[in-house]
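# Coordinates in review
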Amino acid sequence: MVNQLLVILVNSVLGTGKATARNNYAYSCPFCHHHKPKLEVNLTENREGKNPWHCWACDVRGTTINSLFKQIKVSPEKFSELGSLVKSSKSINQTKTPFTIALPNEFISVSNADLNDIMAKHAIAYLKRRNVSKYDILKYNIGYCDKGLYKNMIIIPTYNKEGKLNYFTARSFEKDPYIKYRNPSISRDIIPNEHLINWNLPIILCEGLFDAVSIKRNVIPLLGKNIQSSLMKKIVTSQVDKIYIALDKDAMKQALRFCEMLLAEGKEVYLVDLQDKDPSEMGFKNFTKLIQTTVPLTYYDLMERKLA
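Keep in mind that this is a model prediction, so the values were computed, not measured. (Residues numbered from 1 in each chain as written. Predicted model: local features only at pLDDT ≥ 70, side-chain atom pairs only at ≥ 80, totals over all residues. Heavy atoms only, no water.)

### Some words on the overall build of the chain
Per the secondary structure count, the chain includes eleven helices and 13 strands. Looking at the chain as a whole, 48% of its 308 residues are labelled buried. For the chain, the proportion of contacts with a sequence separation of at least 24, taken over those separated by at least 6, is 55%. About 16800 Å² of surface is accessible on the chain, with carbon and sulfur atoms providing 50% of the total. (Helix = DSSP H or I, 4+ residues; strand = E, 2+ residues; numbered from the N terminus. Buried < 20%, exposed > 50% of the residue type's maximum accessible area, 1.4 Å probe, protein only. Contact = heavy atoms within 4.5 Å. Areas by Shrake-Rupley, 256 points an atom, 1.4 Å probe, with all protein chains shown as cover.)

### With respect to the packing of aromatic side chains
Per the counting criterion, the structure on display carries five aromatic pairs. The interplanar angle of 10 degrees and the centroid separation of 6.1 Å between the aromatic rings of Phe31 and Trp53 together place this pair among those described as stacked. You can see Phe31 sitting in the loop between strand E2 (24–27) and strand E3 (39–42) and its partner Trp53 sitting in strand E4 (residues 53–55), a full 22 residues away along the chain. Given the relative accessible area of 2%, Trp53 is considered buried. Between Arg130 and the ring centre of Phe210, over which it is positioned, the NZ or CZ distance is 4.1 Å. (Phe/Tyr/Trp six-rings, centres within 6.5 Å; stacked < 30°, edge-to-face > 60°. Lys NZ or Arg CZ within 6 Å of the ring centre and 35° of its normal.)

### Structural notes on helix H1 (residues 4–14)
Burial within H1 is extensive, with eight of its eleven residues counted as buried. Taken residue by residue, H1 has Leu5, Leu6, Val7, Ile8, Leu9, Val10, Asn11 and Leu14 as its buried positions. Looking at the packing, one finds that the buried side of H1 touches E2, E3, helix H2 (65–71), helix H3 (76–83), helix H7 (229–237) and helix H8 (252–264). Measuring from the backbone nitrogen of Leu5 back to the side-chain oxygen at the start of H1 gives 2.9 Å, which picks out Asn3 as the cap. Just downstream of H1, Gly15 is the residue with a positive phi angle, here 95 degrees. (Polar contact = N/O pair within 3.5 Å; in protein donor to acceptor, adjacent residues only side chain to side chain.)

### Quick look at the pattern of salt bridges
Overall, the coordinates contain seven salt bridges when judged by the stated rule. The shortest N-O distance in the salt bridge between Lys306 and Glu260 comes to 2.9 Å. Here Lys306 is found in helix H11 (residues 299–307), whereas its partner Glu260 is found in helix H8, with 46 residues between them in sequence. In this structure Lys306 comes out as partly exposed when scored by relative accessible area, which is 41%. Each of the salt bridges in this network shares a partner with another, and the network as a whole consists of Glu207, Lys225 and Asp250. (Salt bridge = Lys/Arg side-chain N within 4 Å of Asp/Glu carboxyl O.)

### Quick notes on unusual backbone geometry
With a phi angle near 55 degrees, Asn193 is a residue other than glycine that sits in the positive phi range. Relative to the assigned elements, Asn193 resides in the loop between strand E9 (165–172) and strand E10 (203–206). Here Lys216, not a glycine, exhibits a phi torsion of approximately 75 degrees, which is positive. Residue position: Lys216 is located in the loop between helix H6 (209–215) and strand E11 (219–221). The exposure class of Lys216 is partly exposed, given its relative accessible area of 23%.

### Let's talk about the pairing of strand E8 (residues 153–159)
Across the seven residues of E8, seven count as buried, placing the element largely inside the fold. Residue alternation in E8 divides its side chains into two sets, Met153, Ile155, Pro157 and Tyr159 and Ile154, Ile156 and Thr158, and both sets are buried. Both strand E7 (residues 143–145) and E8 contribute to a ladder of three bridges, which runs antiparallel. Along E8, the bridge assignment pairs Gly143 with Ile155. Where E8 and E9 come together, seven bridges link them in antiparallel fashion. Among the inter-strand pairings, Ile154 is bridged to a residue of E9, identified as Arg171. (Pairing = 2+ DSSP bridges.)

Nothing here speaks to function; it is geometry throughout.
Structure below.
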């Protein structure tokens, strides 16, 4: 049987894979970049304790996931996680650099901004249009930058369970921005805002930080459309039994895959129909009403949706 945590880890490196025969998963090849998923990785160890992988297009191959990760130069964090999941994985002899991230030097907290400053006015006006309240600004330490790399951008930080910064999202508040989003070039394999999460209560998974701000309660943004391996591992091993998945319509394929994985782990899963809107558009009250009428997903419902 395939270890789902290993599937999540490999997916986080290679992108979403497609299950094929004999516990193989097919991926887009990072070596030849063939337009079809030609790289097959066996995610169960054979009798020799190996996980063979092979691209049917460029013929690159290996016998362990460790060798695959080494060739595509994944982060030390990924190697460390692989070592806990696969017996044949060897420790990688690399000098680890401390994982550090800091808010931009130009970061200005909106709660401490000079209300007579024109940039502060523009930032606050944008947040009001996104229905972000004063309480939300304080809760999430929302700020902005008036110069530098993140000039004219709203900054929403996220923090780990100890309350230490682990990521941030920057979103332009200009009317027609040349660049809408600019995020730090670091791993997203984190649990955003875990310091706000109660793992004994139902949790909600959404896509972005603005969605999380709108949903407000026990919500974790994926910072995209995929569940990172560290988050999935935490969900699987936690006491939480009810999980609401609220992804945009264009991420339905990913959402159904997450539902299937979580149902297999014995979780009670709710697939929230966002009706072509995202939570930040719907607002807290409308979103809350929607999840209150959402019923648990069954395997039959799941199969129907996958075939639709």
